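# Chain and residue survey
The primary structure of each chain is shown beneath.
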Amino acid sequence: MNKGTLTGVGLGPGDPELITIKGYRALQAADIIFYPVTALNDGKQRSFSLQILHKLMIEKPCRPIMIPMSGKQRHQYYDEAYKTIKTEYEAGNNVVVVSEGDLLFYSTFGYLYKMALDEKIPCHLIPGIPAFIAAGSLGQLPLVEKEKGLQVIAKPENFEAIKKAMNQHATLVVMKISVLKEWYTFLKNEAPSFLYAEQVGTEHQFFTSSVEELEFRKIPYFSLLIIYPGISKHV
Ligand code: SAH
């Protein structure tokens, strides 16, 4: 039986022009595209990836991969999604699975990729620009320089965890920050130099280094923070 191909494509952070040429070509060559959909806790569904695909005007059959934000049965959803993808691949189709940002950086694709590897299904991977790199370009400061390091954390449990991470004297990227609420107070007291960025690359993009702009801001899921080390006030 003639099998198809399985390709993972990182779509970049949201701006349709921030996909690689290679990634765009893979989308054009696809027979079917799978995109992740997040079932949010309030019952709504959201697909950042699908919005990017629409902006790219990709006219290929697109099918959702439904994954809830949390919950014990998550692995069942991954199993289900993987089975569907595999069926299409085994039927001889060029299957593309997309991911917003990069495809191996906190992404649904990472789980599916492991399953494909376990079954020795060859995968082509086309990376994308992760959101924190795109956000870094909005910050008007080098993300990392000289002997400094870079640390990334996600879904911080509490502000103590952030403070501890800040002690490493590295630039700190915090992903999935909407799990905590009191960012205004924390940043005001603890982080003189930071960049907050939400929905980078979209028409709803917002970013600031001024803590006062965050006092009453509702922090959405698609937001991140870059905390710069050892610099006094961000200008
Ligand atoms: N694969 C993605 C990360 C997905 S995890 C990447 O490479 O960037 C989801 C988290 O990524 C969000 O909670 C948020 O912290 C961050 N994120 C993803 N896209 C974003 C965007 N366009 N603007 C701001 N933050 C974003």
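Here the structure is shown first, and the text comes after it.
If you're wondering where the values come from, they're calculated on a predicted model, not measured in any experiment. (Residues numbered from 1 in each chain as written. Predicted model: local features only at pLDDT ≥ 70, side-chain atom pairs only at ≥ 80, totals over all residues. Heavy atoms only, no water.)

## As for the pattern of salt bridges
Note that side chains of opposite charge can pair when their charged atoms are close. Tallied over the full model, the rule gives seven salt bridges. Among the ionic pairs, Glu203 bridges to Lys55, the shortest N-O distance being 3.3 Å. Of this pair, Glu203 sits in the loop between β9 (194–198) and β10 (206–208) while Lys55 sits in helix α2 (residues 48–55); the two residues are 148 residues apart in sequence, bridging distant segments of the chain. In this structure, the salt-bridge partner of Glu88 is Arg63, at a minimum N-O distance of 3.0 Å. In this pair, Glu88 is assigned in helix α3 (residues 74–90) and Arg63 in strand β4 (residues 62–68), connecting sequence segments 25 residues apart. Put simply, Glu160, Lys163 and Glu190 are held in one network by salt bridges that share partners. (Salt bridge = Lys/Arg side-chain N within 4 Å of Asp/Glu carboxyl O. Helix = DSSP H or I, 4+ residues; strand = E, 2+ residues; numbered from the N terminus.)

## A short note on the side chain of Thr171
Following the sequence through the fold, Thr171 ends up in strand β8 (residues 171–175). Residue Thr171 is classed as buried on the basis of its relative accessible area, which comes to 2%. Excluding its chain neighbours within four sequence positions, the residues that come into contact with Thr171 are Leu143, Val144, Gly149, Leu150, Gln151, Ile226, Ile227 and Pro229. (Buried < 20%, exposed > 50% of the residue type's maximum accessible area, 1.4 Å probe, protein only. Contact = heavy atoms within 4.5 Å.)

## Observations regarding the site of the ligand
Around the ligand there are 19 residues in total, and Asp102, Phe105, Ala131, Tyr221 and Ser223 lie nearest to it. In the model, an oxygen atom of the ligand is placed 2.8 Å from a nitrogen or oxygen of the Tyr221 main chain. Relative to its free-state accessible area of 540 Å², the ligand is covered by the protein chains to the extent of 98%. Its residues assigned to classes, the shell around the ligand comprises twelve nonpolar, four polar and three charged. Lining the shell around the ligand are residues from two domains, each supplying at least three of them: domain 1 (5–126) and domain 2 (131–227). (Near = heavy atom within 4 Å. Polar contact = N/O pair within 3.5 Å; in protein donor to acceptor, adjacent residues only side chain to side chain. Areas by Shrake-Rupley, 256 points an atom, 1.4 Å probe, with all protein chains shown as cover. Nonpolar A, V, L, I, M, F, W, Y, C, P; charged D, E, K, R; others polar. Domains from an automatic or database assignment.)

## So, the pairing of strand β2 (residues 32–39)
Where burial is concerned, most of β2 is hidden: six out of the eight residues are buried. Across three bridges, β2 lies against strand β5 (residues 94–99) in parallel orientation. Bridge assignment links Ile32 to a residue of β5, and that residue is Val95. Both β2 and β4 contribute to a ladder of seven bridges, which runs parallel. Within the sheet, the bridge partner assigned to Thr38 lies in β4 and is Ile67. (Pairing = 2+ DSSP bridges.)

## Some details on the packing of helix α6 (residues 159–166) against helix α7 (residues 183–190)
Two elements in contact, α6 and α7, have axes separated by 12 Å at closest approach and are oriented at 30°. Compared by their axis directions, α6 and α7 come out roughly parallel. As α6 runs across α7, the sense of the crossing is right-handed. In this structure, α6 uses Phe159, Ile162, Lys163 and Met166 to contact α7, whose residues at the interface are Trp183, Phe186 and Glu190. For the contact of α6 with α7, the per-class residue count stands at five nonpolar, no polar and two charged. (Axes fitted to C-alpha atoms, helices over the stretch in contact; angles between N-to-C directions. Parallel < 35°, antiparallel > 145°, perpendicular 65-115°, else oblique. Left-handed = near helix turned anticlockwise from the far one by under 90°.)

## Observations regarding the sheet that holds β9
Taken in spatial order, the five strands of this open sheet run β7-β8-β11-β9-β10, and their pairing is mixed. Bordering the open sheet on either side are β7 (150–154) and β10, each of which pairs with just one other strand. Ignoring which end each strand starts from, the neighbouring axes of this sheet average 15° apart. Bridge count for β8 against strand β11 (residues 223–227) is three bridges, and the pairing is antiparallel. Counterpart to Val173 in the pairing with β11 is Ile226. Against the sheet, α6 contacts β7, β8 and β11, and its axis sits at roughly 155° relative to β8.

## Considering the environment of Cys123
With respect to the helices and strands, the residue Cys123 is situated in strand β6 (residues 123–126). Taking the C-alpha atoms as reference, Cys123 lies 45 Å from Lys188; in sequence the two are 65 residues apart. Sequence-distant contacts of Cys123, defined by excluding residues within four places in its chain, comprise Leu6, Tyr113 and Ala116.

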